[in-house]
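The chain contents come next:
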Amino acid sequence: MKRLNIPLCLIALMAMITTSCAHSLAPENDQITSGLPIVLYATEDFADINVGDVPYYIDKRNDALGIDARRLEYRGLFARAITAFEGPSAKYDVTIAVMTEEDGEPLYRLWVNNEIVGTYRSSYIGEGDERDLTAQNHTWLGISVSDGDLIAIESNAHTNGEIPENDGTAWARGRWQSLSFSPSVEATNRKANFSKHKDFVVSQFDFQPDADDVHAVAALGSMLVHPDMEGVNYLAVAGTTGRQGGKYIDARELMEMTFGREDFNWADAKKNWQKALTLVHDRVRAVLAQGGTVWVQEAGQSDFTRDWVQALLDSGIHKSVIKNNVVVVQHSTWNEKQTTPDALAFVKQYTTYQAITDGNKAKKVYIRKDRRGPLTPMYKDKDKRWLRAATSTENTKEHARTLWQKAVDIVEYNNFDAKYSVMPGGGVDFSDTVELWWILGLGQNAASVHAFWERYVSDVQLDAIKPPSGRLAIVIDGNSPDPDDIGATPVMMGLLKQSGLADRLVHLSHSCDLDPFRNKGRQIDAENEARRQKVLHELSGRSVELFGPFNNLRNYYNCRVNQDAAISDLVDAINASSESDPLWIIEAGEPDLIGYALETANSERIQYVHVVSHHPANDDSGDYFTWQQILDFGVTEHQIGDQNVSLQTPISKWDWAKNHKNKGYRFMWEMLAYAEQDGVVPFQTNKFDCSDAGMIYWWITGANEGGNNFATPSDIQDMLLQSLAN
């Protein structure tokens, strides 16, 4: 047994870094308040290595204990190593260093005295992975250990059947190197790290009184036939209600269409609570015994979860196993309020309870105040086009089409007419699905209703070129601190050209950050500021050349060098506005130039001016005008949501343009790459960002009358290439 001389402040940091999954754990009175981490080495500190079903051997090359899986009779059985714990009685975060193996995923079990208090199945890596026979840490959090307790690690030999060897397949040997005990560290958020090869999803729907569960089930059913869900082990439960009133919506037909035979992959808790409880308990218990994690999509209240967790405890599953391996994901404050208080407290105590944002509002990276937890997309929209596209006979995704038609029928049959809901008016609300989005780590692939529909629900064309009436002005910054405008500008110009709307553009200006040195927190040095000005001016001219002609564009302006001319040009555009020919200003930077133009323009014309924004980093950073002052002029404001969510992406999303035969698209890639390599700010490294182009895409596809306000690089690519083909 060895103690490492490491300062306490670093101990806590090490525990957080090496923890493969962070849970919320309440501190206890016996928690460590001083001392050092205790490290037990498998080959040195576990003298008793022959007390399991099969013996361990010492793997000297890897300084590990392992099982000789060449012996057929040893395969699948558990070896065990035991030692006595010598340290303060306390609650610890216990980290095991296992060796990942390409040929199998052994199960590891942590024992304290005669109880299994932790289970873990090693990660699947597959044949030829460079991580073969490298150390991987897994941490069991909040394990109570007393001085003198017997500590044991068990593992088994396992094969994934993928690597031929002799007359069979190769077996992993359950190797592990060390066990360390650090002071238990309280953490607030768990990282979603779902693993198809060992984890389990339990989707629980209340169906009372809101009909949104009907849409959530149709959404899940649409996902189940997609490769994203291939191999996912799941179970669904209907009727997991709490103490709420209102009408219960019977969706048995939809549940059967989605999940198949009742009491196999789904259960009806409303019909038979105990039978559903037993099914969940039995399957969860088996997953825990195999070292998997159970992820609960809590699309209702937690009373039902309380009951099956209690059943697990009653059947002998240690509370630490449940706490470490059952993650309850809840998106709704309303669901929490309708849960029996004691049940909610119980679930939070005995499981890892992860609150996330509720899926009823737009995902905005910049909103941090009063956030429930990790951000989620907005899976709610009043527009009727989603259901039209889902149920259309032109939708070749037949299973999804059938599910969504049944969902429509169920909602209509139950006369669901709640005023708070978008569903009675033909909208969609599958906000419960954001829990699954977070669990599976779907990210940008399903970051909006639009993206979800394209990926899982319908192949009917969703976006059309249908801009509002009027003309367009684009005001760009690009100086401090973010270089994203360098990449976004040619994309914006390309979209206008390829959508046939180039003649709508009447103003283009850049470097509208009129005093980039004024805000010390965002300062850019003079050399880089001048460099960006030059690049923006050159690329603006190049974009006009490549994607023009822009017949109604007089010129393009550098606001730092030619501010008066830029203001005058924008004033003329404002003064030409009317009810039938309004001006839409894309605010892709600070608002000062817009403010000066509005201040000078004919006040009677300002009522026909629309200002489009996607981020308060632009709105609130003016050096001479506040955002409220802009609004006070009488413009119509459009806040479409943070476009970074979908358009700040890995570089690979733009690979199609790098060597495209169209030189304009190659230029887009070059400018996106230039911005990524700009070097002034670190947050663009390894990302291509054309987020401001999302405002143009929204305007082209309908603006405030159904425009797509969460365009993805795929949407932009489709519009560019489809338009080119036409």
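Let me sum up the structure you'll find in this document. (Residues numbered from 1 in each chain as written. Predicted model: local features only at pLDDT ≥ 70, side-chain atom pairs only at ≥ 80, totals over all residues. Heavy atoms only, no water.)

Structural notes on the sheet that holds strand 24 (residues 557-558)
Two pairing modes exist for strands in a sheet, parallel and antiparallel, and in both the strands are linked by backbone hydrogen bonds. One open sheet holds the 6 strands; their spatial order is 24-23-22-25-26-27, and the pairing between them is parallel. With one partner strand each, in any of the chains shown, strand 24 and strand 27 (636-639) form the two edges of the open sheet. Bridging between strand 25 (residues 583-588) and strand 26 (residues 609-613) involves 4 bridges; their strand directions are parallel. By the bridge assignment for strand 26, Ile 585 is matched with Val 611. In this fold helix 15 (residues 526-547) packs onto strand 23 (505-510) and strand 24, with an angle of close to 160 degrees to the strand it touches most, strand 23. (Pairing = 2+ DSSP bridges. Helix = DSSP H or I, 4+ residues; strand = E, 2+ residues; numbered from the N terminus. Contact = heavy atoms within 4.5 Å. Axes fitted to C-alpha atoms, helices over the stretch in contact; angles between N-to-C directions.)

Quick notes on the layout of surface pockets
Estimated volume of the largest pocket: approximately 680 Å³. Taken together, 25 residues line the largest pocket, and the ones lying closest to its centre are Met 378, Asp 381, Trp 698, Gly 707 and Asn 709. Among the elements of the structure, strand 20 (380-381), helix 10 (385-391) and helix 13 (449-457) are those that each provide at least two residues to the lining of the largest pocket. (1 Å grid on protein atoms, 1.4 Å probe; cavity = no way out; pocket = protein on both sides within 12 Å on 5 of 7 lines; lining within 4 Å. Points joined across faces, edges and corners; volume = space filled by probe spheres on them.)

Looking at the packing of aromatic side chains
Taken as a whole, this structure holds 28 aromatic pairs when the rule is applied. Aromatic pair Phe 85 and Tyr 92: ring centres 5.5 Å apart, planes at 70 degrees, arrangement edge-to-face. Exposure class is identical for Phe 85 and Tyr 92. Each is buried. When the centroid spacing of 4.8 Å and the interplanar angle of 55 degrees are considered together, the rings of Phe 452 and Tyr 456 count as tilted. Here Phe 452 and its partner Tyr 456 are both found in helix 13, 4 residues apart, which amounts to about one turn of the helix. One exposure class covers both Phe 452 and Tyr 456, and it is buried. (Phe/Tyr/Trp six-rings, centres within 6.5 Å; stacked < 30°, edge-to-face > 60°. Buried < 20%, exposed > 50% of the residue type's maximum accessible area, 1.4 Å probe, protein only.)

Let's talk about empty space enclosed by the protein
The gaps left among the atoms become clear once a water-sized probe is rolled over them. Scanning the entire structure with this criterion turns up 3 cavities of 30 Å³ or more. Residue composition of the lining of the largest cavity, by class: 7 nonpolar, no polar and 3 charged. The computed volume of the second largest cavity comes to approximately 40 Å³. Lining the second largest cavity are Val 201, Ser 203, Leu 220, Leu 224, Met 229, Tyr 234, Leu 235, Ala 236, Phe 259 and Leu 436. When residues of the lining of the second largest cavity are traced back to their parent elements, those giving at least two are strand 14 (200-205), helix 3 (212-224) and strand 15 (233-238). The leading source of residues in the lining of the second largest cavity is strand 15, at 3 residues. Within the lining of the second largest cavity, the residues separate by chemical class into 9 nonpolar, 1 polar and no charged. (Nonpolar A, V, L, I, M, F, W, Y, C, P; charged D, E, K, R; others polar.)

Quick notes on helix 9 (residues 341-350)
The set of residues buried in helix 9 consists of Ala 343, Leu 344, Phe 346 and Val 347. Looking straight down helix 9, one finds that the buried residues subtend no more than 160 degrees of arc, so they occupy a single side. Residues of helix 9 that are exposed and point over 90 degrees away from its buried face: Asp 342 and Gln 349. Tucked into the core, helix 9 has its buried residues touching helix 6 (303-314), strand 18 (326-330), helix 8 (333-337) and strand 19 (352-355). (Arc of directions from axis to C-beta.)

Things to note about the nonpolar core
Core analysis: the largest hydrophobic core is formed by 61 residues, its most contacted members being Phe 205, Phe 207, Phe 259, Trp 404, Phe 452 and Trp 453. It is helix 3 that provides the largest number of residues to this core, a total of 8 residues. Contacts of Phe 259, omitting those with residues within four sequence positions, involve Phe 205, Val 217, Leu 220, Leu 224, Tyr 234, Ala 236, Asn 265 and Trp 266. Judged by nonpolar contacts, the second largest core, of 52 residues, contains Leu 472, Ile 486, Leu 546 and Ala 703. (Core = buried A, V, L, I, M, F, W, Y, C linked by side-chain atoms within 4.5 Å.)

Observations concerning the sheet that holds strand 16 (residues 266-268)
In space, the 6 strands of this open sheet follow the order 16-15-14-17-18-19, with parallel pairing throughout. For this open sheet the edge positions go to strand 16 and strand 19, each flanked by a neighbour on one side alone. Averaged over all pairs of adjacent strands, the angle between strand axes in this sheet comes to 20 degrees, irrespective of strand direction. Bridge count for strand 17 (residues 294-299) against strand 18 is 4 bridges, and the pairing is parallel. Among the inter-strand pairings, Trp 295 is bridged to a residue of strand 18, identified as Val 327. Against the sheet, helix 5 (residues 273-289) touches strand 14, strand 15, strand 16, strand 17 and strand 18, its axis set at about 160 degrees to strand 15. Each of strand 14, strand 15, strand 17 and strand 18 touches helix 6; the most contacted strand, strand 17, lies at about 155 degrees to it.

What about the side chain of Ser 543?
Mapping Ser 543 onto the fold places it in helix 15. At 2.7 Å, the side chain of Ser 543 and the backbone oxygen of Leu 539 are in polar contact. The residues contacting Ser 543, other than those within four sequence positions of it, are Thr 489, Pro 490, Met 493, Gly 548, Phe 550 and Phe 667. (Polar contact = N/O pair within 3.5 Å; in protein donor to acceptor, adjacent residues only side chain to side chain.)

Notes on unusual backbone geometry
A cis amide bond, omega -10 degrees, links Gln 208 with the succeeding residue Pro 209. In this chain, Gly 548 is followed by Pro 549 through a cis amide linkage whose omega measures 10 degrees. Position of Pro 549 relative to the elements: it lies in the loop between helix 15 and strand 24. Its identity is not glycine, yet Asn 113 carries a phi of approximately 55 degrees, on the positive side. Asn 113 sits in the partly exposed class, given a relative accessible area of 37%. Despite not being glycine, Ser 511 shows a phi value in the positive range, around 60 degrees. Relative to the elements of secondary structure, Ser 511 occurs in the loop between strand 23 and helix 15.

Some words on the packing of helix 6 against helix 9
Two numbers describe how helix 6 lies on helix 9: the axes approach to 9 Å, and their chain directions differ by 50 degrees. Judged by the angle between their axes, helix 6 and helix 9 are oblique. Helix-helix and strand crossings are classified by hand; for helix 6 and helix 9 the assignment is left-handed. Between helix 6 and helix 9, the contacting residues are Asp 303, Thr 305, Arg 306, Val 309, Gln 310 and Leu 313 on the first element and Ala 343, Phe 346, Val 347 and Tyr 350 on the second. (Parallel < 35°, antiparallel > 145°, perpendicular 65-115°, else oblique. Left-handed = near helix turned anticlockwise from the far one by under 90°.)

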